[in-house]
Amino acid sequence: GLSAYECAVTDLGGKFIMPGIIDSHVHVTIPVAFDYADLGVRFEPNGKQGAMEFMAAYVKEHPGQKCYRFLLERHFLNGEEITKEDLDAVCPDTELILLEGECHSNWVNSKVLERMGITDDTPDPVPGLAYYVRKDGHVTGNSFETASWPILFDGVNDLTEEQIRASLERWIEYSKKVGVSAVFDAGFPEHNPVHERMYDILCKMDKEGKLATYIDGCYVLTRPSKMHEAIEEVKRFNRKFNSEHLKVHTLKIFMDGTLKIETAAQVEPYVDTGDTGTTAFKPAQVAEILKALNEAGLDLHVHTVGAAASRVILDGVELARKELGDKYHVKVTCAHLEVQADEDLTRFAKLGVFANYTPWWHNGGGPGILTPMLGEKRATHMYRCKTVWNTGALVAWSSDNVAYGDFTTWSPYLGMEIGMTRTISEKTNVPAYCISPLLNPPAEERMSAEEMLIGYTINGAKQLGIEAKKGSIEVGKDADFLVFDKDLLTAEHEGFSHNLPTDVFINGKKVN
């Protein structure tokens, strides 16, 4: 059909062309905060005593700091607990914050609790999911999920517009380099005001012609007590943010937490604790939210790590569809899907729910740590994306990063490689400490190159509701396309992460 057009013709000599990449679950605004946040000194102690000794030595060797910050993975504590009294002994007169590795939990001393106004009477945001650990009715200084995030992001409101712009410009330039033409921004939980301020700045940048990548934004809901407020706020965001490259039509919910700290909600209990974790909402509440979004013409995107989290969403969709019938039209996406119950795998296709996976997580580094928590069967049957794909469900891929850093793990080509191999080999473009040559079982969950490309293009566009303009190269769509010297469909899977487009066109203009 191109012969009907009178225009300049470029012969690419057989090079590989594909549509622009759509990364359908990232965090655009949170990483701005992390660009200026001190996450602390990362260390790997052998148990609680080793942690105390390391922090005490560091404080002694670095006197006079306003706040001491450290970071460790919880499993290095060997099951032991840290309290504010422990941290007060290390640092009685100055604030001390110890972050858990995934930043979904932290420990603080009494000085931090005092400044933040956290007392024994402070209510838990979501009991059983986002909470302050208590012993005999007293807060211990350990908090989980949204109870911990005000501490993690303390000071974010002090960022200047110049600082915010500088970080966002770094992300925009990276996106142009690798060919990401559109993203879903999964929001900034418990910090919607600063999230909105960053959207205001993005809108300014868009009007200045500085925002090339399309951002499908959201408003975040984390607790049932704010359900009705959040529905009104996402409606307001929908009206307010409507520039060429930034639009909002989605409510984002944090339904559960993470596996490593056992806040991900499970159908079967954790092996080591016997607990199942807690979902933020129940099926009837999800159905109520869906009916409100349906009336407003808006969509839903949900953080669902554990099997119970995705099941509650599927149950809620089933309730809403039964009540609304043909009037139901909400696009619902479940993101992450690390553990899924067997009986729920076919329900995504049946209910029209999108399954969004983060394939660079699908490597062999996880099962060893998680087996004591999940048991052998669940730890070796995670991320069953191929099974869900084969049911006919719409599956899309994402990078889900919360820090820009050097953008290594933001690469869609890293996601494609690990999605195809379920390993991180010496050929993979990652830092050496990430190498995990073990294959993450089941091996049959490995995807093909074509499936990875489809999930990163047209399926992502369908999830965002922009398939009329993006996701494929067709007459009438935005001219977003990438040119490669190498044929990605036949390229070697190991080392695929080193690929980069030679030319990136967004809306018909070369941007790299």
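To be clear, the structure that these remarks concern was listed above.
Here we summarise the structure given alongside this text. (Residues numbered from 1 in each chain as written. Predicted model: local features only at pLDDT ≥ 70, side-chain atom pairs only at ≥ 80, totals over all residues. Heavy atoms only, no water.)

Examining helix 6 (residues 161–178)
Here comes step 1: Over its 18 residues, helix 6 runs 26 Å from end to end, which matches the ideal 26 Å to within 8%, given 1.5 Å per residue.
Here comes step 2: Looking only at helix 6, the buried set comprises Ile164, Arg165, Ser167, Leu168, Trp171, Ile172, Tyr174, Ser175, Lys176 and Val178.
Here comes step 3: Phi for Gly179, located one or two positions after helix 6, is positive at around 90 degrees. (Helix = DSSP H or I, 4+ residues; strand = E, 2+ residues; numbered from the N terminus. Expected span 1.5 Å × (residues − 1). Buried < 20%, exposed > 50% of the residue type's maximum accessible area, 1.4 Å probe, protein only.)

A few points about the packing of aromatic side chains
Centre-to-centre distance and the angle between the planes together describe a pair of aromatic rings.
Here comes step 1: For the structure on display, the rule yields 21 aromatic pairs.
Here comes step 2: The interplanar angle of 80 degrees and the centroid separation of 5.3 Å between the aromatic rings of Tyr58 and Phe70 together place this pair among those described as edge-to-face. With Tyr58 in helix 2 (residues 47–61) and Phe70 in strand 4 (residues 67–72), this residue pair connects regions lying 12 residues apart in the sequence.
Here comes step 3: Residue classification places Tyr58 among the buried positions, given a relative accessible area of 18%. (Phe/Tyr/Trp six-rings, centres within 6.5 Å; stacked < 30°, edge-to-face > 60°.)

Examining the pairing of strand 14 (residues 332–336)
Here comes step 1: The element strand 14 is extensively covered by neighbouring structure, given that 5 of its 5 residues are classed as buried.
Here comes step 2: One ladder, built from 5 bridges, connects strand 13 (residues 299–304) with strand 14; its direction is parallel. Looking at strand 14, one finds that Leu300 is bridged to Val332.
Here comes step 3: The parallel pair strand 13 and strand 14 is bridged by helix 10 (residues 307–324), and the resulting crossover is right-handed.
Here comes step 4: Pairing analysis gives 3 bridges linking strand 14 to strand 15 (residues 354–357), with the strands arranged parallel. (Pairing = 2+ DSSP bridges. Right-handed = clockwise from strand over helix to strand, strands pointing away.)

Points about the packing of helix 8 (residues 227–240) against helix 9 (residues 283–296)
Here comes step 1: Interhelical geometry of helix 8 versus helix 9 gives an angle of 25 degrees and a closest axis separation of 11 Å. In terms of axis orientation, helix 8 runs roughly parallel to helix 9. Considering the relative orientation of helix 8 and helix 9, their crossing is right-handed. Contacts between helix 8 and helix 9 pair Met227, His228, Ile231, Val234 and Lys235 from the former with Gln285, Glu288, Ile289, Ala292, Leu293 and Ala296 from the latter.
Here comes step 2: In the contact of helix 8 with helix 9, the residues fall into 7 nonpolar, 2 polar and 2 charged. (Axes fitted to C-alpha atoms, helices over the stretch in contact; angles between N-to-C directions. Parallel < 35°, antiparallel > 145°, perpendicular 65-115°, else oblique. Left-handed = near helix turned anticlockwise from the far one by under 90°. Contact = heavy atoms within 4.5 Å. Nonpolar A, V, L, I, M, F, W, Y, C, P; charged D, E, K, R; others polar.)

A short note on the sheet that holds strand 19 (residues 509–510)
Here comes step 1: Strand order in the open sheet formed by 4 strands is 1-17-18-19, with antiparallel pairing between adjacent strands. Of all strands in the sheet, those with a lone pairing partner are strand 1 (16–19) and strand 19, marking the two edges.
Here comes step 2: Pairing of strand 18 (residues 503–506) with strand 19, which is carried by 2 bridges, proceeds in the antiparallel orientation. Residue pairing in the sheet places Ile506 in a bridge with Lys509 of strand 19.

With respect to the sheet that holds strand 5 (residues 95–100)
Here comes step 1: The strand order across the open sheet formed by 6 strands is 3-4-5-6-8-7, and the pairing between neighbours is mixed. Both outer strands of the open sheet, strand 3 (41–42) and strand 7 (132–135), are each paired with one neighbouring strand and no more.
Here comes step 2: Sheet analysis places strand 4 next to strand 5, joined by 6 bridges and oriented parallel. Bridging from a neighbouring strand, Cys67 pairs with Glu95 of strand 5.

Notes on the state of the cysteines
Here comes step 1: Applying the stated criterion across every chain, the model contains 0 disulfides.
Here comes step 2: A disulfide-free cysteine, Cys218 has its sulfur positioned 14 Å from the sulfur of Cys203, the nearest such atom.
Here comes step 3: On the basis of relative accessible area, Cys218 is assigned to the buried category, the value being 0%.
Here comes step 4: We note that Cys385 lacks a disulfide partner, and the nearest cysteine sulfur, in Cys334, lies 15 Å from it.
Here comes step 5: For Cys385, a relative accessible area of 1% puts it in the buried group. (Disulfide = S-S within 2.5 Å.)

Some thoughts on the pairing of strand 5
Within a regular strand, side chains alternate between the sheet's two faces.
Here comes step 1: Among the 6 residues that make up strand 5, 6 are buried, leaving the element largely enclosed by the rest of the structure.
Here comes step 2: Burial of strand 5 is two-sided: the residues Glu95, Ile97 and Leu99 facing one way and the residues Leu96, Leu98 and Glu100 facing the other way are all buried.
Here comes step 3: Read as a crossover between parallel neighbours, the route from strand 4 over helix 3 (residues 84–90) to strand 5 is right-handed.
Here comes step 4: Relative to strand 6 (residues 105–108), strand 5 runs antiparallel, the two being bridged by 3 bridges. In the sheet register, Ile97 faces strand 6, and the bridge partner there is Val108.
Here comes step 5: Following strand 5, the chain reverses through 4 residues before pairing antiparallel with strand 6; Cys103 in that reversal takes a positive phi of roughly 60 degrees.

Limitation: the analysis is restricted to geometry and does not speak to function.
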